[in-house]
Structure formats: structure tokens, C-alpha cells
Amino acid sequence: MARTSSSETAIKNMLIPLVQAIGRSGKLIYLLIFLIVGFLAYQFFTKSSESSTVEYNSALIEKQIKNVGKLVVTEGHYAEVITYKDQQKYFMDFITFEKKALIVANADVLVMYDLRQLQYEIDENNKTVTLKNIPEPELKINQDLHFYDVNQSRFNPFNAQDYNKINKKVKAELTKKIEKSSLKSNAKNRLLSELSKILILTNTMGWTLKYDGREVKTDKDIELKIIN
């Protein structure tokens, strides 16, 4: 503060004699015009510079958000062995036609967050980035079924309906296993890592990150306020 005051005093000490000298020479009007033009030019370039900086900052933040808008993926592999049986009975159950098979199901499971669906709002005036909506995790199961020890009757063969039933049964069993596994928690950790990049950028540029009306300051805030 003292340094600023001394600078202003030095400028005044230099300008006052100059103004007095110009005033004595009758050219004060030219000095006033020069000062007004200089002031207006200073104001114009200062405001333009500040505006372009805000626009640059917001563009950089938006670009970073789009960069992290990729799939956050956790992958797992599961194997399931299933014995499938089906019977068709006729004449009061006196005649039956049975089919059965031993099925080995190999499945690749993906748990993902599609951050391309991330909704956000950028407030340039208040230098605030507000996350509006975080997409829910998606579960994708790619399974491959192998049939062994297949026994079927000519009157009760395997058909498309059987394959659909088996597929549904395998997916239901895998979904139960996934809920009990660490796949979803690993996916949350990946999500935390991606959102932290936005937090680091906003903090570095002097902006504020918010979610659901609350300020997000640390990775712990992301975990508690956003992910959970």
C-alpha cells in the first residue's frame, strides 16, 4: 500500500509542474483533450482484456469438462456353470420328453459412467462451475455360452425360446454377483479421479466448483457430496 502511495506522489510531482507550464503557455485545452482520450483508451483496453480473459478461462474449463466426458470403465470377467433341464409331459404325465444340457457361460462385465451425459453450467460473472447432474452407472454384460453334454428328444428339441431363457438366467445370476463384488466401487473410484480433474482446474484458475448448491473444495467433498 505504501509503495502505491509513493508512486502516485511521484507521478503527481512530475505532472503538476508540467500542467502548470502548459497552462502558462495557453495550451491547457490540448492537455485536457489528450488526458481524456488517454483515459478512455485505457478503460477500453482494460475492459477488453478482462473480458477476453474470462472468456478464455470459461472456454478452457468447458474444454476440460468435455475431455473427461469419456466412459469411466471397470471391467471384470466371470464364469458360470449351469445345468438346464426341461420336460414336456403328455397323457397325464405318462409320457415325457426331456432335454438337458450342461452350459458354461463366460462373460465380460463392464461398469461405466458415460460422462458425455454430464450436465453442467458455467457462470462467467461469478466464476462458478455448477455440476447439474451426474449420470448413473451403467452395467453391460457380454456373455458367451458353450453347451456340453446336450440331450434332447426329437419331440422336445432345443429352440430359440430355450436360449432366451438361459441368457436371462445367466444375466440374473451375474448381476447378483456383480452387486456383491468390488466392480462398482472400483468404477466409483475412477469417477472420482475424473471429476477431480475438473476440481483441480477450477481451483487453479480461481473458479469455484459447485454441486447441488454446495461448494466442492476437496476430493473428499466430491466423494461425499457427489458420488455417494
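Look up: the structure comes first, before these words.
Residues numbered from 1 in each chain as written. Predicted model: local features only at pLDDT ≥ 70, side-chain atom pairs only at ≥ 80, totals over all residues. Heavy atoms only, no water.

Novice: Could you give me a rundown of the sheet that holds strand E4 (residues 128-133), with the residues and numbers involved?
Specialist: Strand pairing in a sheet relies on backbone hydrogen bonds. The paired strands run either parallel or antiparallel. Pairing is mixed across the open sheet formed by four strands, whose spatial order is E3-E4-E6-E7. Both outer strands of the open sheet, strand E3 (119-123) and strand E7 (214-216), are each paired with one neighbouring strand and no more. Mean inter-strand twist for the sheet, computed between neighbouring axes without regard to direction, equals 30°. Against the sheet, helix H4 (residues 183-204) touches E4, strand E6 (208-211) and E7, its axis set at about 140° to E6. (Pairing = 2+ DSSP bridges. Helix = DSSP H or I, 4+ residues; strand = E, 2+ residues; numbered from the N terminus. Axes fitted to C-alpha atoms, helices over the stretch in contact; angles between N-to-C directions. Contact = heavy atoms within 4.5 Å.)

Novice: Any chance you could break down the nonpolar core for me, citing the residues and the numbers?
Specialist: Counting 41 residues, the largest nonpolar core has Leu 131, Ile 134, Leu 195, Ile 222 and Ile 226 as its most contacted members. If one sorts the elements of this core by residue count, H4 sits on top with eight residues. Among all residues touching Ile 226, those that are not within four sequence positions of it are Leu 131, Ile 134, Leu 195, Tyr 211, Val 216 and Asp 221. (Core = buried A, V, L, I, M, F, W, Y, C linked by side-chain atoms within 4.5 Å. Buried < 20%, exposed > 50% of the residue type's maximum accessible area, 1.4 Å probe, protein only.)

Novice: If you had to explain the pattern of salt bridges to someone new, which residues and values would you point to?
Specialist: The full count for this structure, using the stated rule, is seven salt bridges. The salt bridge involving Lys 99 is made with Asp 162; its shortest N-O contact spans 2.5 Å. Note that Lys 99 is positioned in strand E2 (residues 95-114) and Asp 162 in helix H3 (residues 160-180), a separation of 63 residues in sequence. The partner of Lys 132 in a salt bridge is Glu 121, with the nearest N and O atoms 3.9 Å apart. Of this pair, Lys 132 sits in strand E4 while Glu 121 sits in strand E3; the two residues are eleven residues apart in sequence, bridging distant segments of the chain. Owing to a relative accessible area of 47%, Lys 132 belongs among the partly exposed residues under this scheme. Exposure remark for Glu 121: the relative accessible area of 43% places this residue in the partly exposed category. (Salt bridge = Lys/Arg side-chain N within 4 Å of Asp/Glu carboxyl O.)

Novice: Tell me about the pairing of E4, and name the residues and values.
Specialist: Here five bridges tie E3 to E4, and the two strands are oriented antiparallel to one another. In the strand pairing of E4, Gln 119 is matched with Asn 133. Counting the residues that bridge the hairpin from E3 to E4 gives four residues, and of these Lys 127 lies at a positive phi of roughly 50°. For E4 and E6, the ladder comprises four bridges, and the chain directions are parallel. Directly across from Val 129, in E6, lies its bridge partner Leu 209.

Distances and angles like these do not, on their own, reveal function.
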